[in-house]
Amino acid sequence: MTAPALSCISSRPDVTHAEMANAIRFLTIDAVEKAKSGHPGMPMGMADVATVLFSRFLKFDAADPVWPDRDRFVLSAGHGSMLLYGLLYLTGYEGVSLDQLKAFRKWGSKTPGHPEYGHTPGVETTTGPLGQGIATAVGMALAERMLNARFGNDFVDHYTYVIAGDGCLMEGLSHEAISLAGHLRLNRLIVLFDDNEISIDGSTSLSCSDDQLARFRASGWSARRIDGHDPEAIAEAIERARANDRPSLIACRTVIGFGAPNRQGTEKAHGAPLAADEIIKTRAALDWPYQPFEVPDFIVAQWRQIGAKGHADRRAWIERTKRINAMPRSPFHDALNRKLPGEYAGAMAKIRSQFATERPSIATRQASQLVIDTIAEALPNLLGGSADLTHSNLTRAKTHQPVRPDAFDGSYIHYGVREHAMAAAMNGIALHGGFIPYGGTFLTFADYSRPAIRLAALMSVRAIHVMTHDSIGLGEDGPTHQPVEHLASLRAIPNLLVFRPADAVETVEAWDCALRAENSPSILCLSRQALPAFRDAGHDGNLVARGAYVVIEPEGGRDVTLIATGSEVAIALEAAKLLERDNIRAAVVSAPCFDLLRRQSREYRSKVLADAPRVGVEAAVEGEWARWLGDGGEFVGMAGFGASAPAERLYREFGITAEAVKAVAMRCVANAARAAMS
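Quick look at the structure, then.

Each value, and the rule that gives it
Residues numbered from 1 in each chain as written. Predicted model: local features only at pLDDT ≥ 70, side-chain atom pairs only at ≥ 80, totals over all residues. Heavy atoms only, no water. Helix = DSSP H or I, 4+ residues; strand = E, 2+ residues; numbered from the N terminus. Rg over C-alpha atoms; globule rule 2.2 N^0.38 Å. Buried < 20%, exposed > 50% of the residue type's maximum accessible area, 1.4 Å probe, protein only. Contact = heavy atoms within 4.5 Å. Areas by Shrake-Rupley, 256 points an atom, 1.4 Å probe, with all protein chains shown as cover. Lys, Arg positive; Asp, Glu negative; His and termini not counted. Charge placed at Lys NZ, Arg CZ, Asp CG, Glu CD. Expected span 1.5 Å × (residues − 1). 1 Å grid on protein atoms, 1.4 Å probe; cavity = no way out; pocket = protein on both sides within 12 Å on 5 of 7 lines; lining within 4 Å. Points joined across faces, edges and corners; volume = space filled by probe spheres on them. Nonpolar A, V, L, I, M, F, W, Y, C, P; charged D, E, K, R; others polar. Phe/Tyr/Trp six-rings, centres within 6.5 Å; stacked < 30°, edge-to-face > 60°. Lys NZ or Arg CZ within 6 Å of the ring centre and 35° of its normal. Salt bridge = Lys/Arg side-chain N within 4 Å of Asp/Glu carboxyl O. Polar contact = N/O pair within 3.5 Å; in protein donor to acceptor, adjacent residues only side chain to side chain.

## Considerations on the overall build of the chain
Part 1 of the argument: The helix and strand inventory of the chain stands at 26 helices and 20 strands.
Part 2 of the argument: A compact globule built from 678 residues would reach a C-alpha radius of gyration of about 26 Å, and the chain, at 28 Å, matches this within 12%.
Part 3 of the argument: With the C-alpha coordinates of the chain rotated into their principal frame, the extents come out at 90 × 60 × 45 Å.
Part 4 of the argument: Within the chain, buried positions represent 61% of all 678 residues.
Part 5 of the argument: A separation threshold of at least 6 residues defines the contact pool for the chain, and within that pool the share at least 24 residues apart is 78%.
Part 6 of the argument: Carbon and sulfur atoms form 50% of the exposed surface of the chain, whose accessible area is close to 25,600 Å².
Part 7 of the argument: Taken together, the 71 basic and 78 acidic charged side chains of the chain have centroids lying 2 Å from each other.

Next up, the structure:
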């Protein structure tokens, strides 16, 4: 069932604000009651704010949810999802029907428990983990300012609005995000704080006594408090925020569960249905004499007019963009087009050929920097950055200029020591469109970024994380900085491509895979130490794209297969030479991306891995290696944390050497021989 057309519904000129807001409240109450689960309190409390925002300010056209110059609306307090679903239905988004509201939280519905990007039209980002929405919105607001700096107000001119709750602001991520937004003076970012002083456990005074207005002001924001149930106060605050030269916080003092006589203002309204008796009393208290899921036609008609009011703006924008797109080459069109431009392939082929010919023995982080330098001009929408580790991650191209509060036309973001905010902002930049974001930090600090990386994978967005210092090979900084469990941890996230290239050519190919993966985020795990080259110009195609491939295939068949990633491929190659002296035929397989290997056909995997005993080599904990090694295989790697010492000493002490690999391989071969005789 689709939403009824505007022309089919009779309108009434004197629809009140209360009637429009109550439509949101009771759609929420009825959906949560029917689902027997959900969070009615926040939508009931913020219905007045949402009504003012959508009816008076938000620039959108329900007929085109992906219009590039629409305002972005982010429900950071994602547990209150029925607020958003109710608005999408009322304003006429196709696919968000009354039947979908009745199917709230049910299998296959467009109305899941928390908003999911790509699943429901009109949902700008997946939210639910508190704090992620406001941090992602920072990236959206930043992308808007940067595109505006390049193409002007005629083509990019919109706001980013956020509804956030107490929980969003308690999360540490919010501190990183508001600090970054304040520093960059993202004046098109407006946060509407549901200041209801209630959390799941009860009053927020149980755990928090922050002065949120002072906190935001200290980070360079404009901040004020209003009555969140006074439509004129709400409108005035938003109007002032829109004219500000800084990001704005509007603390909307609301009553959670507004209108429910026995539950409003308490934690009982937060995360459970109101129950039948309380719903009857709430209908009486708010003068809503309608049946469940019934919204009078005249109220729906008023909401549908709001959903269509942006149509003229959208058509005018389309006409303006037609003029620029008529040019032989339109950078604006390229920025909005998520496909890689034609010049990209040539630039990537150039650096790959250079590495294959010169065979440099360099760290893969250095190879990555050379890749970035080469492709930066061919990819003007490539947006780099680092969490205060630029000169370690080597993430800034020579042509990249920094983004500053007074210069949004740059191509490199200094995120500061804010790994989590960086990862979330990258999600927002990717979701907004116009840029391909990448950001750098140390692999061990992936733990700081992980919640946002997980959401990127869930949303299927292209965000590229350059994570250097990928093993005990970083040396003297010791176990606090040496990642051992991180590869296994990241590989466990579905739809996340984790690359660990072994030389310069593999680094090029890993970058190529990451940039071509339009529907997956990627992690490039890169070495601090120099690695010998083993790939040459004789190989055709992108072998990293296969996930794993044979580097050495011995004549006469295999006695053992050595599988390695990253810096340990060189160790496997040396071990193969040692085994050859003892007449053991060892194949060497480089496996830079397990995720892509899983996607290959069974026949391809069987050909690469073969039937001989397998030995895995990686300076990390075993993780999912057992899947690739089989019952007769063994793993050479880390069993615990690292230590502080030069890299060469660490590899010896932890037994990750060619000699150790040889010994394990010979044991596997002997065991296989005994098993064959028994």
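## Brief notes about helix α21 (residues 568-581)
Part 1 of the argument: With 14 residues, α21 extends 20 Å from end C-alpha to end C-alpha; this agrees with the ideal 20 Å at 1.5 Å per step.
Part 2 of the argument: Looking only at α21, the buried set comprises E568, V569, I571, A572, L573, A575, A576, L578 and L579.
Part 3 of the argument: Elements in contact with the buried residues of α21: β16 (549-552), β17 (560-564), β18 (586-590), β19 (614-617), α25 (647-653) and α26 (658-677).

## As for the layout of surface pockets
Where empty space is left can be seen by rolling a probe of water-molecule size over the atoms.
Part 1 of the argument: Put simply, the largest pocket is a space of about 470 Å³.
Part 2 of the argument: What lines the largest pocket is a set of 29 residues, and nearest its centre among them are V66, P68, R70, R338 and H432.
Part 3 of the argument: Taken together, the elements giving at least two residues each to the lining of the largest pocket come down to α12 (311-325), α13 (331-336) and α17 (419-432).
Part 4 of the argument: Grouping the constituent residues of the lining of the largest pocket by class yields 13 nonpolar, 11 polar and five charged.
Part 5 of the argument: Estimated volume of the second largest pocket: approximately 330 Å³.
Part 6 of the argument: If you go around the second largest pocket, you meet 16 residues; those closest to its centre are Q529, S567, I571, E648 and Y651.
Part 7 of the argument: Elements with a minimum of two residues in the lining of the second largest pocket: β15 (530-531), α21, α25 and α26.
Part 8 of the argument: When residues in the lining of the second largest pocket are grouped by element, the largest group, four residues, is from α25.
Part 9 of the argument: Of the residues that constitute the lining of the second largest pocket, the class distribution is nine nonpolar, four polar and three charged.

## Quick word on the packing of aromatic side chains
Part 1 of the argument: Applying the stated criterion across every chain, the model contains 17 aromatic pairs.
Part 2 of the argument: Consider the rings of F594 and W628, whose centres lie 5.7 Å apart with planes at 50°: the pair is tilted. Residue F594 is found in helix α22 (residues 594-598), and its partner W628 is found in helix α24 (residues 625-629); the two are separated by 34 residues along the sequence. Summarising the burial analysis for this pair, F594 and W628 share the class buried.
Part 3 of the argument: Three or more aromatic residues joined by ring pairs form one cluster here, namely F54, F60, F73 and Y93.
Part 4 of the argument: Lying across the ring of Y89, R304 places its NZ or CZ 5.2 Å from the centre.
Part 5 of the argument: The ring of Y604 is capped by R546, whose NZ or CZ atom sits 3.9 Å from the centre of that ring.

## Notes on unusual backbone geometry
Part 1 of the argument: For R185, which is not glycine, the phi dihedral falls at a positive 50°.
Part 2 of the argument: Positionally, R185 belongs in the loop between α7 (172-184) and β3 (189-195).
Part 3 of the argument: Positive phi, close to 60°, is recorded for L394, a residue that is not glycine.

## Observations regarding the pattern of salt bridges
Part 1 of the argument: Per the counting criterion, the structure on display carries 32 salt bridges.
Part 2 of the argument: Among the ionic pairs, R253 bridges to E197, the shortest N-O distance being 3.7 Å. Here R253 is found in strand β7 (residues 248-253), whereas its partner E197 is found in the loop between β3 and β4 (198-199), with 56 residues between them in sequence.
Part 3 of the argument: The exposure class of R253 is partly exposed, given its relative accessible area of 31%.
Part 4 of the argument: Of the charged contacts in the structure, one is a salt bridge between E553 and R558, with a shortest N-O distance of 2.8 Å.
Part 5 of the argument: Salt bridges here are not isolated pairs; linked through shared partners, they connect E144, R145, D157 and R188.

## A few points about the side chain of E509
Part 1 of the argument: With respect to the element layout, E509 can be found in helix α20 (residues 504-516).
Part 2 of the argument: At 3.0 Å, the side chain of E509 forms a polar contact with the side chain of R352.

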